[in-house]
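Examining the three-dimensional arrangement
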Amino acid sequence: MLQDLREIITDFIRQIRNADFGRDADVKMLYEKASKLETRIAAIPYQGNASKIHRLLDVTDRLKKGPEVRIIQVNPFRAFSSGADTIENVMGTFQEWQEAHNHLVRNMLYGAPDFLWFEEDGKAVWIWAVEDWVTERDTAPYELITFEGGLYAAAMSVDGDDDIMGRIYSGILKWLEGSGFELDECPGHRSMGHMVNPTEEIRQALGYHQMDIYVPIKIRRREQGRTDILDCR
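Quick caveat, the model's predicted, so the values are computed rather than measured.

Secondary-structure assignment places S82 in the loop between β2 (77–81) and α4 (87–100). From its side chain, S82 meets the backbone nitrogen of W126 in a polar contact 2.9 Å long. Contacts of S82, omitting those with residues within four sequence positions, involve V90, F94, A124, V125, W126 and Y142.

Laid out in structure tokens, this is it:
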């Protein structure tokens, strides 16, 4: 299937390069070719798990419409933290330690109790919620913190696809413009990624890893009244 797609798209790109956009006939030809391209891709036979393709196409359709934004209140919780570090160290040394100390991690009804974000200097921070009995001695050499939580606008994305994640993030910001909320980013209170049901079995069945993007927000200020929602500023 990928080979078929490559041939179709390569042929279309070649025609674009050779086209004269000053000629109406060439512009019309490219428009007709684009319509045929969509038909040809839809007609390609696929021998694998068709549900994976359908799910990915569903994600693409959702991107065209804009993300389905949810408002989530994250309550404060205790967690061990990687601290601000390079993404290589966070996904290397820290992740190895976390996997070896998974017995400290809080049991959840579903998913995993973790968030990852980046600070302005590009350093990554990854935190995992812990059970009530966990102490600083248990999490050494990593710090045991209390994550303050807050209000977030969240939407589903695809882990590992920077283009889709960028579009989802932009879509959330666009949604905020017409809502009763506004962005509330500040150090330690950043947009975060959260893996939903991050098991290999689910990824294989679905075709990709689900990644929720959490964008920190606050209720838009009004002239009268105040809110107790967390405010970075």
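Here the narrative resumes, following the displayed structure.
This part takes up the packing of aromatic side chains. What the rule picks out here adds up to 13 aromatic pairs. A centroid spacing of 6.4 Å and a plane angle of 35° characterise the contact between F77 and F115, whose relative ring orientation is tilted. One end of the pair, F77, is in strand β2; the other, F115, is in strand β3 (residues 114–118), with 38 residues separating them in the sequence. Classification of F77 by relative accessible area gives buried; the value is 9%. What makes F115 buried here is its relative accessible area of 8%. A ring pair is formed by F80 and F94, whose centres lie 6.0 Å apart and whose planes are at 65°; its orientation type is edge-to-face. Taken together, the residues F80 in strand β2 and F94 in helix α4 connect sequence positions 14 residues apart.

For α4, built from 14 residues, the straight-helix expectation of 20 Å at 1.5 Å per residue is met to within 8% by its first-to-last C-alpha distance of 19 Å. Of all the bends found along α4, the most pronounced is centred on F94 and spans about 35°. Within α4, the full set of buried residues consists of V90, G92, F94, W97 and Q98. Tucked into the core, α4 has its buried residues touching β2, β3, β4 (124–129) and α5 (136–139).

Among the nonpolar cores identified, the biggest contains 18 residues, and A153, I168, I172, L176, F181, I213 and I217 are the most heavily contacted of them. Of all hydrophobic cores here, the second largest spans 15 residues; its members include F80, A124, V130 and V134.

Each value, and the rule that gives it
- Residues numbered from 1 in each chain as written.
- Predicted model: local features only at pLDDT ≥ 70, side-chain atom pairs only at ≥ 80, totals over all residues.
- Heavy atoms only, no water.
- Helix = DSSP H or I, 4+ residues; strand = E, 2+ residues; numbered from the N terminus.
- Polar contact = N/O pair within 3.5 Å; in protein donor to acceptor, adjacent residues only side chain to side chain.
- Contact = heavy atoms within 4.5 Å.
- Phe/Tyr/Trp six-rings, centres within 6.5 Å; stacked < 30°, edge-to-face > 60°.
- Buried < 20%, exposed > 50% of the residue type's maximum accessible area, 1.4 Å probe, protein only.
- Expected span 1.5 Å × (residues − 1).
- Bend = angle between axes of the 7 residues up to and from the residue.
- Core = buried A, V, L, I, M, F, W, Y, C linked by side-chain atoms within 4.5 Å.

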